[in-house]
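# Fold and geometry: a report
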Amino acid sequence: MKLKGGVIGLGKMGISHAAIVNAHPSVDMVAVCDTTTIVLDVFRKFSKVKLYNNYVKMIDNEKLDFVVIATPTRLHYPMVKYTLGKGLNVFCEKPFCMNTVEGMELEKLAQQKGLINQVSYHNQFVGTFRELKRLLKAGVIGDLVHFTGEAYGNVITNDKGGTWRSDPKEGGGCLLDYASHVINLIQEIIGRPVKADGSVMKKIFSSAVEDAVYSLLILESGLSGNLSVNWCDETYRKMSTSITVQGKKGKMICDATEIKIYLNEPNNRENLDNGWTIKYITDLAIPVDFYLRGEEYSAQIDHFIRCVLNKKQTDINSFEQALYTDRVIELIIDDSKK
Amino acid sequence: MKIMDKVLFGDNQFFAVSHMSDEKSREQAIRFKDDASIIKVLDHAREVGINTFMCTTHDRISNVCDHIRDNPEKYRGFKIYPCMPYAHKYANAVTEYGYIGTIRKYIPGNLFSSFAKGGLAYITKDFISLMELLVDAEMKMFKGVATPVIFIQNVLVDLILGLKMFEVFREYDLYIRRKYKAEPGYITMNLPVMYDALESVGIKNPIICSSINKIGFRMSGGKELYEKYLSEKTFRPIAMQVLAAGALSPKEAIEYLSRFPRIESVLFGASSKNHIQETKELVETYLVK
């Protein structure tokens, strides 16, 4: 028996999730929901899937096993709450919620109901970042000294236009959008920050939201590192995310395409020479059966579907993890107001 | 049916697309800052006998097209295979302006009004016409340049494929043949699923461009399934990412392709004349047609 899935929100991410879910051999995507008429009209003309412009009706009318929620961040809380309340598993876009009060309630609810919950921090399914995490755990660069987490891209390049991403009430802005990815990577690969210092939120072209975020993040161990994110950087063709970690025995620089490893002395167990070694995504990508825009987008849906089928939650991209990212976001906001 | 050249020259290197290294992308962006530097590499490719340039509908290609139009003698017999759309342009626009705002931005104003049947409200109900207008907008820069095969890019192909809106492919196929007297082509990261989808809407012997390489990189569904389709199905395969983003040596990469006699062409991009020549010669040697 195939799982029955529904998708709420058919914007850039939602439509991509819908295509991946729909192509999944274990899933029957029975319904989608959006409020944009033109998008629903396209589905009406070319697809057999049932259409809704009201998510409550979709959830009430259809017998679903899970729902993908890819709406503006402000709407995550009521939608996830309703979906969990009806006993359905949830895959939610990032960032999780507008604040940690909402997030804590949802996390608790998912726990109580024993439902599968996952948030779309897709970088956790990029082979290079996974390898970075593994190598750090294996201690290849020794005691850590410093880290840098960066993301740059060209989302906003002038002061014209604007969608929900430029509206702070909807959950717009670079901190929730771009920076949340980097914070999530830092917390899962290096460690969970407990303090933010020297945080700056800069407007470049936007009038209501920040376009860049700079902060010093401090972990419980005392290790600290920089967060540097800017979505107005025209020198990047698309979003580019990277993590650099400096240790006493070497350094690693990792992005979605490669990891550059520098070691002071060879590491035989990992078969790494001293000096530079480069590992490429060609050897590290997670194989998928259907590809759209990157293996990671399919791999994260595969993971979610597997969890639903096995009725077993993992800690990868769980609500609990995403809630922690929201917590760090609050630390940065509070610190920037000091 | 005109057979395609064995070697198609790609454009990723010009627009800072490296599947293996962001750093390499940046170096390329610096090197190909001027259009003249792009044209110089294209001329190197022509000098070693490559006559087809397969490229995205990136804004800067329109300058390359100007150059080709201005030098008809020099570029006699030279063909371009356009691949549309340049997806980041639209994806960024959707993020910045929303769906309707993006349509407004990319459907030229005069086209918009000449449609004259109620403007946006009408157009957005008639998706086939909308698709045709968007294709025309993308094709404008190639006017007067030979474009015997016109491709849809993989991001869009695979999105339509995942959503199972296969009728869109049929409409595209009809329009490209009718309006441009050209052969439609499809770039995909999901060759087996795509072949089945096209077959289901009656598209026979299609041109499909996909990753085909010895290590199975970006061959979704697995290398074995790809090999089965390449051996058993009737279509016109173009192999791309044959070097698996640099993980394979050119010789071993091209040798692998020779196992599949149906492969009609190999798409590759390179910046140095030596590298272009070396790969071209390997393809000519190993690819039987």
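Quick notes on the rules
- Positions within a chain are numbered from 1, following the residues in the order the chain's sequence is written.
- Here the convention is simple: chains get letters from A, ligands get numbers from 1, in the order in which they are written.
- For this predicted model, a pLDDT threshold of at least 70 governs which residues receive local features, and a threshold of 80 or more governs which side-chain atom pairs are given and counted, while totals over whole chains, interfaces and linings are taken from all residues.
- Think of it this way: any DSSP run of H or I at least four residues long counts as a helix, any run of E at least two long counts as a strand, and we number them from the N terminus.
- Here contacts are defined at the residue level, using C-beta atoms placed from the backbone and a cut-off of 7 Å between them.
- Polarity classes work like this: nonpolar for Ala, Val, Leu, Ile, Met, Phe, Trp, Tyr, Cys and Pro, charged for Asp, Glu, Lys and Arg, and polar for all others, with Gly in that last group.
- Joined through C-beta atoms within 7 Å, a set of buried Ala, Val, Leu, Ile, Met, Phe, Trp, Tyr and Cys residues constitutes a nonpolar core.
- Buried, partly exposed and exposed are defined by the number of other C-beta atoms within 10 Å of a residue's own C-beta, namely 20 or more, between the two limits, and 12 or fewer respectively, with C-beta atoms placed from the backbone.
- Boundaries between domains were set according to an automatic or database domain assignment.
- Each pair of strands is called paired provided DSSP finds at least two bridges between the two strands.
- Helix axes are fitted to C-alpha atoms over the stretch in contact, other axes to C-alpha atoms as well, and angles between N-to-C directions run from 0 to 180 degrees.
- Angle categories: roughly parallel below 35 degrees, roughly antiparallel above 145, roughly perpendicular from 65 to 115, and oblique for all the rest.

### Brief notes about unusual backbone geometry
Following K94 of chain A, the chain continues to P95 of chain A via a peptide bond in cis, the omega torsion being -15°. Residue placement: P95 of chain A occurs in the loop between β5 (89–92) and α5 (100–113). Backbone geometry places N271 of chain A, a non-glycine residue, at a positive phi of 60°. Positive phi values are uncommon outside glycine, yet N205 of chain B reaches one of about 50°. Considering the arrangement of structural elements, one finds N205 of chain B in the loop between α10 (191–200) and β6 (207–211).

### Points about the interface of chain A and chain B
Accessible area lost upon the coming together of the parts serves often as the stated size of an interface. Taken residue by residue, the interface counts 38 residues in chain A and 39 residues in chain B. Looking at the side of chain A that touches chain B, the elements with two or more residues in it are α1 (12–23), α2 (37–46) and α8 (281–284) of chain A. Its residues placed into classes, the side of chain A that touches chain B shows 17 nonpolar, 10 polar and 11 charged.

### A look at the nonpolar core
Grouped together as the largest cluster of nonpolar side chains are 180 residues, with contacts concentrated most on V90 and A179 of chain A together with M194 and V242 of chain B. Looking at which element gives the most residues to this core, the answer is helix α7 (residues 174–189) of chain A, with 10 residues. Residues from two domains meet in this core; each of domain 1 (3–122 + 293–316) and domain 2 (123–288 + 324–336) of chain A gives at least three. Setting aside residues no more than four positions away along its own chain, V90 of chain A makes contact with F66, V67, I69, V80, T83, L84, L115 and N117 of chain A.

### Some thoughts on the sheet that holds strand β11 (residues 240–247) of chain A
Residues and elements named next belong to chain A. Here we have 8 strands laid out as an open sheet, ordered β8-β9-β10-β7-β11-β12-β13-β14, and mixed in their pairing. The sheet is open, and its two edges are formed by β8 (193–202) and β14 (275–280), each paired on a single side. Mean inter-strand twist for the sheet, computed between neighbouring axes without regard to direction, equals 10°. In terms of strand pairing, strand β12 (residues 250–255) meets strand β13 (residues 258–263) through 5 bridges, oriented antiparallel.

### Thoughts on the packing of helix α6 (residues 127–137) of chain A against α7 of chain A
Residue and element names in this part refer to chain A. Between α6 and α7, the least distance of the axes is 10 Å, while the angle of their chain directions is 30°. Between α6 and α7, the angle is such that the two are roughly parallel. In contact with F129, L132, K133 and L136 of α6, α7 contributes L185, E188 and I189. Across the contact of α6 with α7, the residue classes tally to 5 nonpolar, no polar and 2 charged.

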